[in-house]
Amino acid sequence: MNAILCALYTDTDIYKALFDMQPSKAPGPDGFTALFFQKNWKIVGKEVVAACLNILNSKGDLIGWNDTTLTLIPKVSNPVSPKDFRPISLCNTCYKIVARAITNRLRPILGTVIDHHQSAFVPGRLITDNVIIGYECMHWIRNNKKNKCRFGALKLDMSKAYDRVEWKFLEAMMIKLGFAKGFVELIIRCISSVSYSIRINHALYGQIIPQRGLRQGDPLSPYLFSICAQGLSTILSQAEHDNWFKGVKIASQCPSISHLFFADDSLIFFRALETECCYIKKCLQIYEKASGQMVNYEKSALTFSPSASSSTIDAIQRIFSITVVTGHELYLGLPTFSLRIKRIQFAGLRERLLKKLMDGLRNFSLQVVKKLSLNQYYRLFPPGGSLHWVRWRNMCRPKQYGGMGFRSLLAFNRALLAKQVWRIISDPSSLMAQVLKARYFKFDDIMTAQLGSNPSYVWRSILWSQDLIHKGLLWRVGNGLRIKAYSDRWIPKLASGMSSLWRSNESLLVHELISPDRTWNENLVRSIFPSFEVDRILETPLRNLDSDDIRYWKWGTNSLYSVKSGYLLETGCFRPPESQSAYSLESDISMLQVAVFSVVRRMPRQAIASSFATKFVMSGKLPNFGLV
């Protein structure tokens, strides 16, 4: 890794860094945006590359390059004091090219040095991971009424977190984590050569030379702050390992969750014992002294299990000097607990939707929970303020399919939630997948998981999207040991992906249909399956039989699920190849089977026996596709 980090930078690194930048970002003191350099690259490219490579490869001087404009953005409607403004750092575009080139090398290896308790800016991890895990932990704490299991949660607010980072601490952290000295020196040169001027009424005033802190407009800053926060994460993990305190374990096979970090947003879980809280307070003090960070106890909050005694709560509150609440109102923009009346809980979201309808809605909240009655607010704003003369679902269809192109928030919500199901399938080793599996489908698969006992609202929401994933999820045959020949989707040339001989109680595996010479056993296949399916099965490619069977998304690019493909599939606007081909009886039968299967696949045998599907089959009005 250090060989990659310390390798000489090339023209390609500079070119990629520039053209990865958003062209319309606000410029720094030089007045040039990224768009200027991108559009005039043939004219200025050689000079820009030479100047950037001089800094990256030859330890060139950064003075002047790192001049930064501080622009004050109001945080309230009528600001009256400096605290009502949020300072935004506007860096020179040339410096951003240098910083982004470094970032492009640092980002891929960040996951190896940042543990799974942090999900911010680490490739392969999402903000929703921590939201889901935090929600599940808080749900368990609030609903655990056993006297022996009293737990608490501490939501921390760091005061001016980026501004307080000590450069010496960051340098020591990077060396301790194993980064090469030359790479660390390059990082320190980038963050220590900065100077600030404040823009007021279109004019620049003053020159501030900082001695610590990270700029929020610097491409490097988010990743460097994650390295700093790793210091606190390591302290807490070591304290838990040494039995100073215990985190939350919501199921027997679930990993212990002692803390969750997303940048400066933090949750710490602990047993409601005075001794454990004293150790946690000591860990925070060690981190504050070393890193320069400071906990804002006025904005932090504590919450406890219902079984915790008032005397214990009072004692812990005195230790931290933090307000005790019944539940943290928000963590990463979402409530950490669920009310029975969702209309009240998400009233704030509806208000923001009405207020910011033209600016768009924050999408990540739709990735975690199912929102109620959002489409009705969207309908309040028809074009020109007139009445709707067509059905809303038709207006939500894309223009190329005869619609108006409006977005169905309900379908979009479901497509975003389906991404969580896909992430559990594609990355079962992630902390989020481990927590949900241990809690809800310990011995099952996510595609067959049920609600279980006392499920959280997040889990209910994820299961609500399960059927959408099921529509487009297929098995790619490897050794065939995990695929059931009758009930799984594994035949890509069929519209449904599965045989019309659907029988959930049959244990025939695809492995048994493969000959030792790694080809299909044609005689066996012809003796079992209908003639119109045999050719489709024999056309199914066989991978290396030493490899495992894997799932893939049939309608996505590179076999990966995307929210766009999920949304089009949910709204019925997706046009798979089968639906574009000429009519065929086998396609008709296959699609009819999918429709019936989607109704009865989760019914118990007793329910199927008395269902309308059975009655229609018995009466001869519906073909028997192996359902009865």
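An account of the accompanying structure is given in this report. All values derive from a computational prediction rather than experimental measurement.

### Some remarks on the overall build of the protein
In terms of helices and strands, the protein carries 27 helices and 11 strands. With 628 residues in all, the protein has 51% of them scored as buried. In the protein, 68% of the contacts between residues at least 6 apart in sequence involve partners at least 24 apart. When the accessible surface of the protein is totalled, it reaches about 31,300 Å², and 54% of it is carbon and sulfur.

### Brief notes about the nonpolar core
Judged by nonpolar contacts, the single largest core of 82 residues is most densely connected at Ile102, Phe179, Leu224 and Phe320. Ranked by residues supplied to this core, first place goes to helix H10 (residues 221-241) with nine residues. In contact with Ile102, not counting residues within four places along its chain, are Tyr9, Leu56, Phe183, Leu186, Ile187, Cys190 and Leu220.

### Structural notes on the layout of surface pockets
The calculated volume of the largest pocket comes to roughly 1,900 Å³. Those elements that place two or more of their residues in the lining of the largest pocket are strand E1 (67-74), strand E2 (85-91), helix H5 (93-106), strand E3 (151-157), strand E4 (195-200) and H10.

### Looking at the side chain of Asp218
As for its placement among the helices and strands, Asp218 is situated in the loop between strand E5 (203-208) and H10. Engagement of the side chain of Asp218 in a polar contact is seen with the side chain of Arg215, the distance being 2.9 Å. Not counting residues within four places of it along the chain, the set of residues in contact with Asp218 comprises Cys91, Tyr95 and Ala99.

### Here's the deal with the pattern of salt bridges
Scanning the model with the defined rule gives 12 salt bridges in all. With a shortest N-O distance of 4.0 Å, Glu570 and Lys471 are connected by a salt bridge. With a gap of 99 residues between them, Glu570 in helix H23 (residues 563-570) and Lys471 in helix H20 (residues 466-472) connect regions that are remote in the sequence. Exposure remark for Lys471: the relative accessible area of 41% places this residue in the partly exposed category. Within the structure, one salt-bridge network assembled from shared partners comprises Arg414, Lys471 and Glu570.

### Looking at the environment of Arg543
With respect to the secondary-structure elements, Arg543 resides in the loop between helix H22 (531-538) and strand E11 (550-553). Considering only alpha carbons, one finds Arg543 and Val477, 66 residues apart in sequence, at a separation of 6.4 Å. When near neighbours in sequence (up to four residues on either side) are disregarded, Arg543 contacts Arg476, Val477, Gly478, Asp548 and Ile550.

### Concerning a positive patch on the surface
A grouping of Lys75, Lys83, Arg86, Lys160 and Lys299 is seen on the molecular surface, where their side chains present a positively charged patch. Note that Lys75 resides in the loop between E1 and E2. Residue class for Lys75 comes out partly exposed when judged on its relative accessible area of 42%.

### Observations regarding the sheet that holds E4
Strand pairing in a sheet relies on backbone hydrogen bonds, with the paired strands running either antiparallel or parallel. Spatial ordering of the open sheet is given by E2-E1-E4-E5, a layout of four strands whose pairing is mixed. The open sheet has two free edges, formed respectively by E2 and E5, since each of these has just one partner strand. Direction aside, neighbouring strands of the sheet carry axes that sit 35° apart on average. Here E1 pairs with E4 via five bridges, running parallel. Bridge pairing links Thr71 to Arg199 in E4.

### Structural notes on the sheet that holds E3
One open sheet holds the five strands; their spatial order is E6-E7-E3-E8-E9, and the pairing between them is mixed. Since the sheet does not close on itself, it has two edges, and those belong to strand E6 (259-262) and strand E9 (323-324), each with one partner. Direction of pairing for E3 relative to strand E8 (residues 301-304): antiparallel, over a ladder of four bridges. When the bridges of E8 are listed, Ala153 appears paired with Thr303. Most of the contacts of helix H7 (residues 127-143) go to E6, to which it runs at about 150°, and overall it touches E3, E6, strand E7 (265-271) and E8.

### Examining the packing of helix H4 (residues 41-58) against H5
Close contact between H4 and H5 brings their axes to 10 Å; oriented N to C, the two are set at 55°. The orientation of H4 relative to H5 falls into the category oblique. At the point where H4 passes H5, the crossing takes the right-handed sense. Between H4, through Val48, Cys52, Ile55 and Leu56, and H5, the contact on the second element is made entirely by Cys94, Ile97, Val98, Ala101 and Ile102. Residue composition of the contact of H4 with H5, by class: nine nonpolar, no polar and no charged.

### Quick notes on helix H12 (residues 310-320)
Considered for burial, the residues of H12 that qualify are Thr312, Ile313, Ala315, Ile316, Ile319 and Phe320. For H12, the arc enclosing every buried residue in end-on projection is 165°, short of the 170-degree limit, so these residues lie on one face. In H12, the exposed positions that point more than 90 degrees away from the buried face belong to Ser310 and Arg318. As for H12, its buried residues are in contact with E3, E7, helix H11 (274-291), E8 and E9.

### What about unusual backbone geometry?
A positive phi angle is found at Phe121, which is not glycine, with a value near 65°. With respect to the helices, strands and loops of the structure, Phe121 is situated in the loop between helix H6 (110-113) and H7.

About the thresholds
- Residues numbered from 1 in each chain as written.
- Predicted model: local features only at pLDDT ≥ 70, side-chain atom pairs only at ≥ 80, totals over all residues.
- Heavy atoms only, no water.
- Helix = DSSP H or I, 4+ residues; strand = E, 2+ residues; numbered from the N terminus.
- Buried < 20%, exposed > 50% of the residue type's maximum accessible area, 1.4 Å probe, protein only.
- Contact = heavy atoms within 4.5 Å.
- Areas by Shrake-Rupley, 256 points an atom, 1.4 Å probe, with all protein chains shown as cover.
- Core = buried A, V, L, I, M, F, W, Y, C linked by side-chain atoms within 4.5 Å.
- 1 Å grid on protein atoms, 1.4 Å probe; cavity = no way out; pocket = protein on both sides within 12 Å on 5 of 7 lines; lining within 4 Å.
- Points joined across faces, edges and corners; volume = space filled by probe spheres on them.
- Polar contact = N/O pair within 3.5 Å; in protein donor to acceptor, adjacent residues only side chain to side chain.
- Salt bridge = Lys/Arg side-chain N within 4 Å of Asp/Glu carboxyl O.
- Patch = residues over 30% accessible without salt bridge, like charges linked within 9 Å, V, L, I, M, F, W, Y side chains within 5 Å.
- Lys, Arg positive; Asp, Glu negative; His and termini not counted.
- Charge placed at Lys NZ, Arg CZ, Asp CG, Glu CD.
- Pairing = 2+ DSSP bridges.
- Axes fitted to C-alpha atoms, helices over the stretch in contact; angles between N-to-C directions.
- Parallel < 35°, antiparallel > 145°, perpendicular 65-115°, else oblique.
- Left-handed = near helix turned anticlockwise from the far one by under 90°.
- Nonpolar A, V, L, I, M, F, W, Y, C, P; charged D, E, K, R; others polar.
- Arc of directions from axis to C-beta.

Honestly, it's all geometry; don't read function into it.
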